[in-house]
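Reading the structure
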Amino acid sequence: MGTFGTAALASMEEQLPWFRRMPADQRSWIGLVAQAGIAAFVEWFGSGETAKPAIAAEVFGTAPRELMRSIKLRHTIDMVRVIIDVVETRLEELAAPGGEGQLRVAILRYTRDVAFGAAQVYAQAAETRAAWDARLEALVVNAVLRGEVDDGMHSWAAALGWTAKPVTVIAGFTPEDEEPEVTIDQMQLAARRARVDALAGVQGTRVVVIIGGTEDAVGAARHIAAKCGPGPVVVGPTVGDLYDSPVSARSALAGLRAAAGWPDAPRPVQSDELLAERALDGDEVARRHLVDHVYDPMCDAGAPLLDTLTTYLEQGSSLEATARLLFVHPNTVRYRLRRVTELTGLAPTDGRNAFTLRIALALGRFSRRPTRS
């Protein structure tokens, strides 16, 4: 058996480039695996081939667990093939006179079990790694939602192979009567179809997906939305990297809560399109955004702009009625409304934008009301 083990190692050294590149200690472990395989075969064949060989325990059990990280499954198959070739070329030395055919059949049966045994060992390792990755993924998603994005969380993400930038958070609801593991698998499948990296987590009835590596977050979110359950799917703002992802997560979750106020919202919908509903729902981030980026720029542009917008909205979006009340030409009203659009990105002539502008005007007035001692 020692002679055949040595011959097998010499043959692997000659035929397998990856084996030649391995450190000496790992090659020695492979030698022990080869000798264990040959010894187990001899013992099994000598017993009359009655018992089923315990391949995983007797052969692969001699190698340390770390060896599986260095040797891929296809390398293991190559190694087994070389050992079989060595044994078959020296078949006459092993077989009794006239027993070559019986021994060859036994080798075929044994190598079949070796193949299944190798697959079982790697499958168990893959299941263990998948379970560990799933726990890490849940930890990363939970850390993002809690805003606890530190170096520790980044090390977890790095262990999952996460390097993608920029980053966007998507929130939706889980399909009914579907296990969380299945939902996460479906989110990962949708992300692969969208060609983005993804980390997914299920929290009760909602699913949160962190995607990275694309500027077209809404396009990628369409694939994600197809796997979500009934209800809105909200896309948070795109941020630079994972450190800033809590900003996107807060907006996406706030939008998911407030989306009930806009039943006809597109699916998916960007969280910034729900600023008015979020503000009404008590989201301080949305309220501050409407004051800082909508109301204040109009205030800085002068009172006529605010007066024109207020009158236009109160008169049911009528240019003529607004012009009559302000004693100006309708073209002046048009110019001022265009100016509102330039300053805020919201067109007063659009129904949804007009609603958001109304909320922004009210919030802005609240922020500037005098305080009483």
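Per an unreviewed UniProt entry, the chain carries the name PucR family transcriptional regulator and comes from Actinomadura gamaensis. As stated in UniProt under Sequence similarities (unreviewed entry), the record for the chain gives "Belongs to the CdaR family."

Right, let's talk about the overall build of the chain for a bit. Counting its regular elements, the chain contains 18 helices and five strands. Put simply, the chain shows about 19,900 Å² of open surface, and 52% of that area lies on carbon and sulfur atoms.

Within this structure, the stated rule accounts for seven salt bridges. The partner of Glu 277 in a salt bridge is Arg 352, and the shortest N-O contact between them spans 2.6 Å. Of this pair, Glu 277 sits in helix H13 (residues 275-280) while Arg 352 sits in helix H18 (residues 351-367), placing them 75 residues apart in sequence. Its relative accessible area of 6% is what places Glu 277 among the buried residues. In this structure, Arg 368 and Asp 296 form a salt bridge, with 3.0 Å as the shortest nitrogen-oxygen distance. Here Arg 368, found in the segment after H18, pairs with Asp 296, found in helix H14 (residues 284-301); they are 72 residues apart in sequence, far enough to count as distant. The partly exposed category is assigned to Arg 368, whose relative accessible area is 48%.

As a further point, take the packing of aromatic side chains. Across all of its chains, the model carries one aromatic pair by this definition. Taking the centre distance of 6.1 Å and the plane angle of 90° together, the rings of Trp 18 and Phe 19 count as edge-to-face. Accessibility classification places Trp 18 together with Phe 19 in one group, the buried group. A cation sits over an aromatic face here: Arg 352 above Trp 262, 3.6 Å from the ring centre.

Before going further, it helps to examine the nonpolar core. Judged by nonpolar contacts, the single largest core of 30 residues is most densely connected at Met 12, Trp 18, Phe 19, Ile 30, Phe 41, Ile 83 and Ile 107. Contributing elements (two or more residues each) for this core: helix H1 (2-15), helix H2 (17-20), helix H3 (24-46), helix H6 (73-89) and helix H8 (100-146). Residue contacts for Ile 107: discarding those within four places in its chain leaves Phe 41, Ile 84, Val 87 and Leu 91. In terms of nonpolar packing, the next biggest core, distinct from the first, is built from 28 residues, Val 141, Val 149, Ala 157 and Ile 210 among them.

Cis geometry is found at the peptide bond from Lys 165 to Pro 166, where omega equals -10°. With respect to the secondary-structure elements, Pro 166 resides in the loop between helix H9 (151-159) and strand S1 (167-173). Cis geometry is adopted by the peptide bond preceding Pro 268, which originates at Arg 267 and carries an omega value of 5°. For Pro 268, the location among the structural elements is in the loop between helix H12 (245-258) and strand S5 (269-270). Residue Asp 177 is not a glycine yet carries a positive backbone phi of 60°. Tracing the chain through its elements places Asp 177 in the loop between S1 and helix H10 (180-194). Classification of Asp 177 by relative accessible area gives exposed; the value is 85%.

Further remarks concern H14. In a regular helix each residue adds 1.5 Å, so 18 residues correspond to 26 Å; H14 covers 25 Å between its end C-alpha atoms and thus fits that length. Restricting attention to buried positions, one finds in H14 the residues Ala 286, Leu 290, Val 291, Val 294, Tyr 295, Asp 296, Pro 297, Met 298 and Cys 299. Of the surrounding secondary structure, the elements contacted by the buried residues of H14 are H13, helix H15 (303-314), helix H17 (330-344) and H18. Near the N-terminus of H14, the side chain that reaches the backbone nitrogen of Val 285, with its oxygen 3.2 Å away, is that of Asp 283. Positioned one or two residues after H14, Gly 302 has a phi angle of 120°, which is positive.

What counts and what doesn't
Residues numbered from 1 in each chain as written. Predicted model: local features only at pLDDT ≥ 70, side-chain atom pairs only at ≥ 80, totals over all residues. Heavy atoms only, no water. UniProt positions renumbered as here; feature names shortened; annotations may be inferred. Helix = DSSP H or I, 4+ residues; strand = E, 2+ residues; numbered from the N terminus. Areas by Shrake-Rupley, 256 points an atom, 1.4 Å probe, with all protein chains shown as cover. Salt bridge = Lys/Arg side-chain N within 4 Å of Asp/Glu carboxyl O. Buried < 20%, exposed > 50% of the residue type's maximum accessible area, 1.4 Å probe, protein only. Phe/Tyr/Trp six-rings, centres within 6.5 Å; stacked < 30°, edge-to-face > 60°. Lys NZ or Arg CZ within 6 Å of the ring centre and 35° of its normal. Core = buried A, V, L, I, M, F, W, Y, C linked by side-chain atoms within 4.5 Å. Contact = heavy atoms within 4.5 Å. Expected span 1.5 Å × (residues − 1). Polar contact = N/O pair within 3.5 Å; in protein donor to acceptor, adjacent residues only side chain to side chain.

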